[in-house]
Amino acid sequence: NLAAANGHQVRVWSRQGSQTLQVVLKDVQIVLSAISMIGVRDVASQVESFPLSPETIFVTATKGLDPQTTCTPSQIWQTIFPNHAVVVLSGPNLSKEIQMELPAATVVASNIPTAAEVVQLIFSSHRFRVYTNPDPLGVELGGTLKNVIAIAAGVCDGLQLGTNAKAALVTRGLTEMVRIGNNWGAKTETFYGLSGLGDLLATCNSPLSRNYQVGYQLAGGKSLTETLTNLQGTAEGVNTCRVLMQRAKQQNIAVPITEQVYRLLQGEITPGQALDELMLRDIKPEYNY
Ligand SMILES: NC(=O)C1=CN([C@@H]2O[C@H](COP(=O)(O)OP(=O)(O)OC[C@H]3O[C@@H](n4cnc5c(N)ncnc54)[C@H](O)[C@@H]3O)[C@@H](O)[C@H]2O)C=CC1
Ligand SMILES: O=C(CO)COP(=O)(O)O
């Protein structure tokens with residue numbers, strides 16, 4: 001809708017649609033993927049079988065991690081299309097609000113600055129402010145990692161733990177995101193921007209967030225299966241949390257909030273036990289300067 005409103009010709013492909021991928025991809029300048037994580041590799045491989053101009057830019061909006069390789073979506077697109085520019089689009093972008101034309105901002109990040117600028121122009125409007133950023137990995141991880149903290153925030157609200165608890169959770173969640181991101185090679189400052197802190201604030205405070213909804217309903221006593229069955233759309237944080245735990249163990253990264261969300265999703269502990277585990281950890285300095 002945003003690109004079309006700026007006068008660009010837009011074609012949409014989905015498995016449910018009538019047009020084939022080949023027809024939709026003919027002569028395109030930009031391919032924007034918002035496939036959920038589970039389908040990214042499959043769809044990227046399908047796209048590879050059709051002719052594309054070497055100038056075609058790939059934009060990825062998916063917020064997830066590949067369970068097999070722990071790769072991010074942009075890493076998958078870049079591996080399959082090594083000679084194309086890949087741009088990550090991520091930010092506090094609850095889609096229902098954007099559809100209602102409420103104001104929002106986002107980030108487009110790429111190792112190729114001109115590609116990010118092309119995408120910035122395509123989507124910018126008086127209702128959608130698009131910033132460029134040179135740290136695609138940090139921007140992508142911000143949008144991905146915050147989903148796990150959003151599940152925890154939903155639990156926090158579901159248990160009615162109060163505003164202090166929520167502020168503590170989100171702040172320590174951000175510290176955890178920075179720690180993981182740094183280990184991965186992302187820049188610290190990126191996590192304090194729109195795609196990190198910005199998206200954390202949006203999803204940890206809105207019932208429009210599917211990840212928040214998962215946590216909220218688990219706190220209300222629903223099972224994960226029941227919650228996911230009734231959820232509209234994808235809550236990427238469930239899969240991301242599992243992949244993250246695997247990677248954190250391999251790399252020896254401290255991820256206390258992610259660990260409690262993981263155990264809760266696995267059905268190993270109750271929301272109340274997760275809270276106690278976090279509150280009763282060894283006392284320590286806020287930062288290791
Ligand atoms: N970049 C951003 O600012 C935002 C990104 N997202 C992310 O975008 C992604 C999609 O989110 P939603 O549209 O809300 O989810 P959704 O669940 O409504 O849509 C995902 C779509 O992917 C399709 N899909 C899954 N596997 C497929 C496959 N193998 N082949 C073809 N299609 C397949 C599904 O059929 C579905 O239509 C998620 O990763 C979400 O985290 C969501 C909101 C904002
Ligand atoms: O990432 C989002 C908004 O920026 C959407 O959040 P959910 O995937 O939790 O709905």
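Quick caveat, the model's predicted, so the values are computed rather than measured. (Residues numbered from 1 in each chain as written. Chains lettered and ligands numbered in written order. Predicted model: local features only at pLDDT ≥ 70, side-chain atom pairs only at ≥ 80, totals over all residues. Heavy atoms only, no water.)

Peer 1: Just to check I follow, could you spell out the packing of aromatic side chains for this structure?
Peer 2: The geometry of an aromatic ring pair is captured by the separation of the ring centres together with the interplanar angle, meaning the angle of the planes. Under the definition given, this model contains five aromatic pairs. Measuring from ring centre to ring centre gives 6.0 Å for Trp-77 and Phe-81, while their planes differ by 20 degrees; the resulting arrangement is stacked. Grouping aromatic residues by their ring pairs yields a cluster made of Phe-58, Trp-77 and Phe-81. Arg-247 extends its terminal NZ or CZ atom over the ring of Trp-184, reaching a point 3.6 Å from the ring centre. (Phe/Tyr/Trp six-rings, centres within 6.5 Å; stacked < 30°, edge-to-face > 60°. Lys NZ or Arg CZ within 6 Å of the ring centre and 35° of its normal.)

Peer 1: Where do I start with the confidence of the model for the chain in this structure?
Peer 2: Interpreting fine coordinate detail is not advised for predicted regions of low pLDDT. The pLDDT averaged across the chain works out to 97; a share of 100% of its residues lies at or above 70. The complex prediction reports pTM at 0.97, with the ipTM value standing at 0.97. (pLDDT = per-residue confidence, 0-100.)

Peer 1: Just checking my understanding: could you explain the site of ligand 1 for this structure?
Peer 2: For ligand 1, the set of nearby residues contains 19 residues, the closest of which are Arg-15, Ala-61, Arg-210, Thr-234 and Glu-236. Within the contact set of ligand 1, an oxygen atom lies 2.8 Å away from a side-chain nitrogen or oxygen of Arg-15. Between ligand 1 and Ala-61, the relevant distance is 3.0 Å, taken from a nitrogen atom to a main-chain nitrogen or oxygen of the residue. Those elements that provide at least two residues to the shell around ligand 1 are helix 3 (37-48) and strand 3 (86-90). Counting residues per element, the shell around ligand 1 draws most heavily on helix 3, at three residues. Taken together, the residues that form the shell around ligand 1 break down as six nonpolar, eight polar and five charged. (Near = heavy atom within 4 Å. Polar contact = N/O pair within 3.5 Å; in protein donor to acceptor, adjacent residues only side chain to side chain. Helix = DSSP H or I, 4+ residues; strand = E, 2+ residues; numbered from the N terminus. Nonpolar A, V, L, I, M, F, W, Y, C, P; charged D, E, K, R; others polar.)

Peer 1: Mind showing me how you'd approach the UniProt feature "active site" (unreviewed entry) in the chain here?
Peer 2: Annotation from UniProt places "active site" (unreviewed entry) at Lys-146. Following the sequence through the fold, Lys-146 ends up in helix 7 (residues 136-158). Excluding anything up to four places from it in sequence, Lys-146 contacts Lys-63, Leu-141, Met-177, Asp-199, Leu-200 and Thr-203. (UniProt positions renumbered as here; feature names shortened; annotations may be inferred. Contact = heavy atoms within 4.5 Å.)

Peer 1: Explanation requested: the sheet that holds strand 3 in the structure shown.
Peer 2: The mixed open sheet is built from five strands, whose spatial order is 1-2-3-4-5. Two strands lie at the open edges of the sheet, namely strand 1 (30-33) and strand 5 (128-133), each paired on one side alone. Averaged over all adjacent pairs, the angle separating strand axes in this sheet is 25 degrees, with direction ignored. Here strand 1 runs beside strand 2 (residues 57-60); their pairing, made up of four bridges, is parallel. Bridge assignment links Val-31 to a residue of strand 2, and that residue is Phe-58. (Pairing = 2+ DSSP bridges. Axes fitted to C-alpha atoms, helices over the stretch in contact; angles between N-to-C directions.)

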